[in-house]
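# Coordinates in review
Spelled out, the chains give:
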Amino acid sequence: MRRKVIAGNWKMNMLPNEAMNFINALAERQGQEKTCEVILCVPYTDLFYSLLTAQNTPIKIGAQNMHWEERGAYTGEIAPEMLQCINVQYVIIGHSERRQYFAETDETVNKKVKAALAHELTPILCVGETLKQKEVGLAEEVITKQVELALGGLIAKQVEEVIIAYEPIWAIGTGKVATKEDANDAIKQIRNKIADLYGEETAQNVTILYGGSVNGKNAKELFSTSDIDGALVGGASLKVGEFEEIIKSI
Ligand code: PEP
């Protein structure tokens, strides 16, 4: 059985007091119930508060980015060990907003994935095509290439530790969710690529999420498919009731 994951990406939202209130409210609603891994990827300034608040609850805390180097003259950056030493367990790598606005490339994404694993951080690796690429029939080529390059240099056992999020860019923050068939097909294409590169067993063991306008209403349908193992949720992860609905749908 593959692990099921619901991960929230708060992006540049939530002050520490809002983060703590959210986590307390979610923990209260959820109790110790654990149908899947529930992860909140919060801004750096919320990490410490969130980790303390989430102690003794099933909620896990992740970061949204990090540098790949150990230390050095990289003003404004955060090193893997800085996350590891405060017990952060997950980190989003290669989100489309970072690729688009902060010039992340497949090469830097690959370095970050390797650095995360070397520091016992689970990378939540994001891949996805633009609307234009989808319209000209390039989606499969784009997403499988992104996966291949991001995982380059890993061994099969390490690949199984990565959580992949298929996030078509045209669906992020737009309210346009992919159909369950399209999302499931894209995720199968990713699995097939991993099977080619690392073997069928690895492909069947790796957790792959869908992301892009998931909400409390459409989540159940998406999760009814064969290959979607959960969701990476942006906007709907900022509302505790809606996020809880998504968790309950898996
Ligand atoms: C995201 O930011 O990863 C995302 C999927 O956003 P949204 O759910 O708002 O589309």
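Preceding this paragraph is the structure being described.
Residues numbered from 1 in each chain as written. Predicted model: local features only at pLDDT ≥ 70, side-chain atom pairs only at ≥ 80, totals over all residues. Heavy atoms only, no water.

Buried residues of helix α12 (residues 240-249): Val240, Phe243, Glu244, Ile246, Ile247 and Ser249, and no others. Residues of α12 that are buried make contact with β1 (5-9), α1 (16-30), β2 (37-41), α11 (219-223) and β8 (230-233). (Buried < 20%, exposed > 50% of the residue type's maximum accessible area, 1.4 Å probe, protein only. Helix = DSSP H or I, 4+ residues; strand = E, 2+ residues; numbered from the N terminus. Contact = heavy atoms within 4.5 Å.)

What follows is about the side chain of Asn65. Tracing the backbone shows Asn65 in the loop between β3 (59-63) and α3 (80-84). The exposure class assigned to Asn65 is buried, which follows from its relative accessible area of 7%. Of note is the side chain of Asn65, whose polar atom sits 2.8 Å from the side chain of Lys112. Sequence-distant contacts of Asn65, that is, excluding residues within four places in its chain, are made with Tyr44, Glu77, Leu83, Val91, Ile92, Arg98, Glu104 and Lys112. (Polar contact = N/O pair within 3.5 Å; in protein donor to acceptor, adjacent residues only side chain to side chain.)

Before going further, it helps to spend a moment on the packing of α1 against α12. Angle between the axes and distance between the axes are the two parameters that describe a pair of packed helices. Between α1 and α12, the least distance of the axes is 10 Å, while the angle of their chain directions is 40 degrees. By the angle class used here, α1 and α12 are oblique. As for the relative orientation of α1 and α12, their crossing is right-handed in sense. On α12, the residues touching Phe22, Ala25, Leu26, Arg29 and Gln30 of α1 are Val240, Gly241, Phe243, Glu244 and Ile247. Split into classes, the residues belonging to the contact of α1 with α12 amount to 6 nonpolar, 2 polar and 2 charged. (Axes fitted to C-alpha atoms, helices over the stretch in contact; angles between N-to-C directions. Parallel < 35°, antiparallel > 145°, perpendicular 65-115°, else oblique. Left-handed = near helix turned anticlockwise from the far one by under 90°. Nonpolar A, V, L, I, M, F, W, Y, C, P; charged D, E, K, R; others polar.)

Our focus in this paragraph is unusual backbone geometry. Despite not being glycine, Asn56 has its phi angle at roughly 65 degrees, a positive value. Residue position: Asn56 is located in the loop between α2 (44-54) and β3. In this structure, Glu120 is a non-glycine residue whose phi angle is positive, near 55 degrees. Within the element layout of this structure, Glu120 appears in the loop between α5 (106-118) and β5 (122-127).

This paragraph deals with the nonpolar core. Residues Leu151, Ile164, Ile194 and Tyr210 are the most contacted members of the largest nonpolar core, which totals 66 residues. Broken down by element, the residue count for this core peaks at 7 residues, all from helix α9 (residues 180-198). Filtering out sequence-adjacent residues up to four positions away, Leu151 remains in contact with Asn110, Leu125, Val159, Val162, Ile164, Ile194 and Tyr198. Of all hydrophobic cores here, the second largest spans 12 residues; its members include Val5, Cys41, Ile92 and Cys126. (Core = buried A, V, L, I, M, F, W, Y, C linked by side-chain atoms within 4.5 Å.)

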